[in-house]
Every structure is written in C-alpha cells, then in structure tokens.
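Below are the chains, spelled out letter by letter.
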Amino acid sequence: SPASSDLMDARGSSGSITAHARTGQIITFALAQGVILIGAVMVYLSLSGPAGAAPGDDELILTGVGVAMAICCWIAALIVPSTMRRKAADQLLQATQQAGHRMDIESIPASAVERFLVASQAATLVGQGVLEGAAVANLILMFVDGNWIHLPLAVICLIGIVFQVPTTGKLQEALESAIRT
C-alpha cells in the first residue's frame, strides 16, 4: 500500500524501498547501455568489414552456441533469481516470526526489511547479469561468424534485462507477498 511505502521511506535509511529501486534502475540502465554500445560497435564492424561468403560448418556451430547460450541464460535468469527471492522471503518470514512481530509491513524490523531488499537486489542483478553475458556473447559471435541471427538473440536478452528493472511497486509487492506466505 502507498502508506506502507511512505513509512519505509520515512525511516530515512538506505533500506528504503525507493532507494533500492532507484539503485536497481541505475544499474539496469548501465547494463542495458553497455549491451547497446557493444551492439552498435559490433553492427558497425560487421557492416564495414569485407563481405563474407555464406556461413560454413564452423559458423553454424557458432550460431548453435549462440542460440543455446541465449536459451540457457534465459532459463537461468528465470530460475536462479526466483530461487534467491524465495529464500529471502523465507528468511524475512523467519526473522519476523522470531521477533514476535505481527505479519504486516509496518511491524517488520527494519533490519529484516533491509536484508530482504538487498537479497532481492542481488537476485535481480544475477538475472540481469546472466542475460547481459548472453547478449554480449551473441554480439561478438555475430561479428566473428557474420550470422545476423545473433543480433535478435542479443536484443531478446536486452529486453530481459530491461524487464527486470526494479521499481518501488515491484519491491513493495515482493515484500507484501513475502509476509503473506
């Protein structure tokens, strides 16, 4: 609820939901900007290089590696952060129950909220980092083998990075969801 978010922010600590959301947004922007810059350079180099022949067996292997990497990294970006968030939610619930607090946001100890937000931020970074690696690898493979199929794979990974951007609303919902379970 908006009042709960205001309460968390009113604590003035680095653990505020808004502060964590802003930090995550800056990191997301930096990750996306890096992929876009590398992509622009690789596209430029690919277009300005000598015209190559049709992909041979070696290039098809690299294309397969790029596709497999994108798929595996998407799966990892879905599973690993989810597992990390679930563990953080369990720890938040335990900390709240051990302290004998009611199960509402206003009564959760600030230190437990901070640990949850840090763990949530780490989960987001893991998911984004895995996709960034796949995006950059596909952009490099595009330059190496001249196969443009790597570009849409990199763009799909970039979209995955951007979709994971933390917002105050997402973090608030994650916190509320954690105490409901």
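Refer to the structure above for everything that follows.
Described in the following lines is the structure provided in the data block. Here the structure is a predicted model, which means the values were calculated and not measured. (Residues numbered from 1 in each chain as written. Predicted model: local features only at pLDDT ≥ 70, side-chain atom pairs only at ≥ 80, totals over all residues. Heavy atoms only, no water.)

1. Details of the overall build of the protein chain
In step 1: Counting its secondary structure elements, the protein chain contains six helices and zero strands.
In step 2: Shown N-terminal to C-terminal, the secondary structure of the protein chain runs as helices and strands in the order α-α-α-α-α-α.
In step 3: The buried share of the protein chain, reckoned over its 181 residues, is 37%.
In step 4: Contacts spanning at least 24 positions in sequence make up 82% of the contacts within the protein chain whose residues lie at least 6 apart. (Helix = DSSP H or I, 4+ residues; strand = E, 2+ residues; numbered from the N terminus. Buried < 20%, exposed > 50% of the residue type's maximum accessible area, 1.4 Å probe, protein only. Contact = heavy atoms within 4.5 Å.)

2. Remarks on the environment of Lys 87
In step 1: Relative to the helices and strands, Lys 87 resides in helix 3 (residues 57–98).
In step 2: Placed 91 residues apart in sequence, Lys 87 and Ala 178 show a C-alpha to C-alpha distance of 9.9 Å.

3. Quick word on the pattern of salt bridges
In step 1: As enumerated under the stated definition, the model contains one salt bridge in all.
In step 2: Residue Glu 173 is joined to Arg 180 by a salt bridge in which the shortest nitrogen-to-oxygen separation is 2.9 Å. (Salt bridge = Lys/Arg side-chain N within 4 Å of Asp/Glu carboxyl O.)

4. Some details on the packing of helix 2 (residues 17–48) against helix 5 (residues 150–163)
In step 1: At their nearest, the axes of helix 2 and helix 5 sit 9 Å apart, and the two run at 170° to each other. Classified by the angle their axes make, helix 2 and helix 5 are roughly antiparallel. Where helix 2 crosses over helix 5, the handedness of that crossing is left-handed. Residues Thr 28, Leu 31, Ala 32, Val 35, Ile 36 and Val 43 of helix 2 form the contact with helix 5, whose participating residues are Leu 151, Leu 158, Ile 161 and Val 162.
In step 2: The class makeup of the residues in the contact of helix 2 with helix 5 is nine nonpolar, one polar and no charged. (Axes fitted to C-alpha atoms, helices over the stretch in contact; angles between N-to-C directions. Parallel < 35°, antiparallel > 145°, perpendicular 65-115°, else oblique. Left-handed = near helix turned anticlockwise from the far one by under 90°. Nonpolar A, V, L, I, M, F, W, Y, C, P; charged D, E, K, R; others polar.)

5. Structural notes on the nonpolar core
In step 1: Grouped together as the largest cluster of nonpolar side chains are 18 residues, with contacts concentrated most on Val 35, Leu 131, Ala 135, Leu 139, Cys 157 and Ile 161.
In step 2: Where this core is concerned, the elements lending two or more residues are helix 2, helix 3, helix 4 (110–145) and helix 5.
In step 3: Ranked by the residues each element gives to this core, the list is headed by helix 4, at six residues.
In step 4: Non-local contacts of Leu 131, meaning those with residues more than four positions away in its chain, are made with Cys 73, Trp 74, Ala 77, Cys 157, Gly 160, Ile 161 and Gln 164.
In step 5: Ala 88, Ala 89, Ile 105 and Leu 175 belong to the second-largest nonpolar core, a separate cluster that totals 16 residues. (Core = buried A, V, L, I, M, F, W, Y, C linked by side-chain atoms within 4.5 Å.)

6. Observations regarding helix 6 (residues 168–180)
In step 1: With 13 residues, helix 6 extends 18 Å from end C-alpha to end C-alpha; this agrees with the ideal 18 Å at 1.5 Å per step.
In step 2: All of the buried residues in helix 6 are Leu 171, Gln 172, Leu 175, Glu 176, Ala 178 and Ile 179. Within helix 6, the buried residues cover an arc of 160° as seen down the axis, which keeps them to one side. (Expected span 1.5 Å × (residues − 1). Arc of directions from axis to C-beta.)

7. Quick notes on helix 2
Every α-helix carries 3.6 residues per turn, so stepping three or four residues along brings you back to the same face.
In step 1: Look at helix 2: 46 Å from first C-alpha to last across 32 residues, which is about the 46 Å you get at 1.5 Å a residue.
In step 2: Where helix 2 is concerned, the buried positions are Ile 17, His 20, Ala 21, Gly 24, Thr 28, Leu 31, Ala 32, Val 35, Gly 39 and Met 42.

8. Remarks on the environment of Leu 47
In step 1: Along the chain, the position of Leu 47 falls in helix 2.
In step 2: Residue classification places Leu 47 among the exposed positions, given a relative accessible area of 63%.
In step 3: In sequence terms Leu 47 and Phe 143 are 96 residues apart; their C-alpha atoms lie 9.2 Å from each other.

9. Considering a nonpolar patch on the surface
In step 1: On the surface, Leu 37, Val 41, Tyr 44, Leu 45, Ile 140, Phe 143 and Val 144 cluster together into a nonpolar patch covering about 660 Å² of accessible area.
In step 2: The greatest single-element share of the nonpolar patch, amounting to four residues, is contributed by helix 2.
In step 3: By the element assignment, Tyr 44 lies in helix 2.
In step 4: The exposure class assigned to Tyr 44 is exposed, which follows from its relative accessible area of 57%. (Patch = residues over 30% accessible without salt bridge, like charges linked within 9 Å, V, L, I, M, F, W, Y side chains within 5 Å. Areas by Shrake-Rupley, 256 points an atom, 1.4 Å probe, with all protein chains shown as cover.)

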